[in-house]
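Residue-level listing of the chains:
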Amino acid sequence: MLLGAAPSAAGESAGNVYTLTNAASANAVLVFTRASTGELAPAGSFATGGRGTGTGLGSQGAVTVSRDGRWLFAVNAGSNDISVLRVSGHELRLTDRIWSGGTQPISVTTYGGSVYAVNAGGTPNIAGFTVSPDGTFTPIAGSIHALLGSGPAQIQFSRSGDVLVVSDKASSTLETFTVSAGVASAPTSHASSGATPFGFDFGLRDQVFVSEAAGAPGGLSAASSYRLDADGNLMTVTASASTTQRAACWLVVTENGRYAFTANAASDSISSFAIDEGGALTLVEAAAAHTTAAHTTDLALSRNSAYLYASDGGTQSISAYRVGVDGSLTRVGGTSVPAGIAGLAAR
């Protein structure tokens, strides 16, 4: 039985999975249709109008889809801008592109009509924009803020949309920004429970779950959880629960808030954690999935979290897994992708 899955006919188109080519010559979004059984099929390449870097971005959230599924947002780290594309089935249409407010945007997030990007180049910062109903960007006055930490990896709105969070892997800090009428406040810095906080996701009650690439002893990695309040304060719930794997750099949480998965790039594995009502983490399987030489570099869950997708840079593929009601993972196939892709999003 699938986690949150609804019955549907085998082979029926159930949604899409997206990634970026990140090509230095011309960036594009690769679209894959998702069958009701989880398998992927290539459905086209759509230009963002900007350029990638041709190398890994070291981030989570390089591409994201609005909650209503109508808009896709992508970073163009090589041309210092972000793009918005209208979603129509498996087709995308570029509607606007705008300077990211800094250099080398690596992660983007959206809530309502607001979009924020984090820029990793120069003096790292965040910048915000509104998106009109026709898909046009407008900068939000007063939204650009320099980060207090260094080496950002991700920016994301909380589920309530009241707070933005940025992970800083180089300084091992997490930054929070309260948001009012779309305008982000100045940042507040919080020490990470463990070293090298990287990817993160939110639970049902604005709990924050963070992967730590070096958060456990002996060269291993970990995941931590925090409670986040409306003022941007973080209170530790679980401090650095070891994955027993190496380089947990990406993390996603199921829609029902019961499970978290980390992608462990240096161990070619995916770890699973159970989440209790208070946000505490318990390791379920250190290697819930393993593929030799996968070097997994991103994760995304489909709608209702029935399927988990993993970007396997080492094998130049996207792997697909069925998510069981107990959080178990069963491989259901995958698809080939070009070298150098960045970001992963699913619907």
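Conventions used here
Residues numbered from 1 in each chain as written. Predicted model: local features only at pLDDT ≥ 70, side-chain atom pairs only at ≥ 80, totals over all residues. Heavy atoms only, no water. Helix = DSSP H or I, 4+ residues; strand = E, 2+ residues; numbered from the N terminus. Rg over C-alpha atoms; globule rule 2.2 N^0.38 Å. Buried < 20%, exposed > 50% of the residue type's maximum accessible area, 1.4 Å probe, protein only. Contact = heavy atoms within 4.5 Å. Lys, Arg positive; Asp, Glu negative; His and termini not counted. Charge placed at Lys NZ, Arg CZ, Asp CG, Glu CD. Phe/Tyr/Trp six-rings, centres within 6.5 Å; stacked < 30°, edge-to-face > 60°. Pairing = 2+ DSSP bridges. Axes fitted to C-alpha atoms, helices over the stretch in contact; angles between N-to-C directions.

Here we come to the overall build of the protein chain. Scanning the protein chain for helices and strands turns up zero helices and 30 strands. The C-alpha atoms of the protein chain give 18 Å as radius of gyration, which agrees with the globular expectation for 347 residues (20 Å, within 12%). With the principal axes as the frame, the protein chain shows a C-alpha extent of 45 × 40 × 35 Å. Here the protein chain holds 347 residues, and 59% of them are scored as buried. Here the contacts in the protein chain between residues at least 6 apart in sequence split such that 49% fall between residues at least 24 apart. Across the protein chain, the 17 positively charged side chains and the 23 negatively charged ones have centroids separated by 5 Å.

Turning our attention to the packing of aromatic side chains. One pass over the structure, following the stated rule, counts six aromatic pairs. Ring plane angle 85° and centroid distance 6.0 Å describe the contact between Phe200 and Phe202, whose orientation is recorded as edge-to-face.

On to the environment of Thr138. Along the chain, the position of Thr138 falls in strand S11 (residues 137-139). The exposure class of Thr138 is partly exposed, given its relative accessible area of 42%. For the pair Thr138 and Val115, spaced 23 residues apart in sequence, the C-alpha to C-alpha distance is 9.8 Å. For Thr138, the contacting residues outside a window of four places in its chain are Gly128, Phe129 and Thr130.

Turning our attention to the environment of Ala260. Relative to the assigned elements, Ala260 resides in strand S23 (residues 259-264). When the C-alpha positions of Ala260 and Arg93 are compared, they lie 33 Å apart, and in sequence the two are 167 residues distant. Not counting chain neighbours up to four residues away, the residues in contact with Ala260 comprise Val252, Val253, Ser271, Ser272, Phe273, Ile275 and Leu281.

Looking now at the sheet that holds strand S26 (residues 296-301). One open sheet holds the four strands; their spatial order is S26-S27-S28-S29, and the pairing between them is antiparallel. Sheet topology places S26 and strand S29 (329-336) at the edges, where each strand pairs with a single neighbour. The average undirected angle you get between the axes of adjacent strands in this sheet is 25°. The pairing of strand S28 (residues 317-323) with S29 spans seven bridges and is classified as antiparallel. Across the sheet, residue Val323 finds its bridge partner in S29, namely Leu329.

That is the geometry; function is a separate question.
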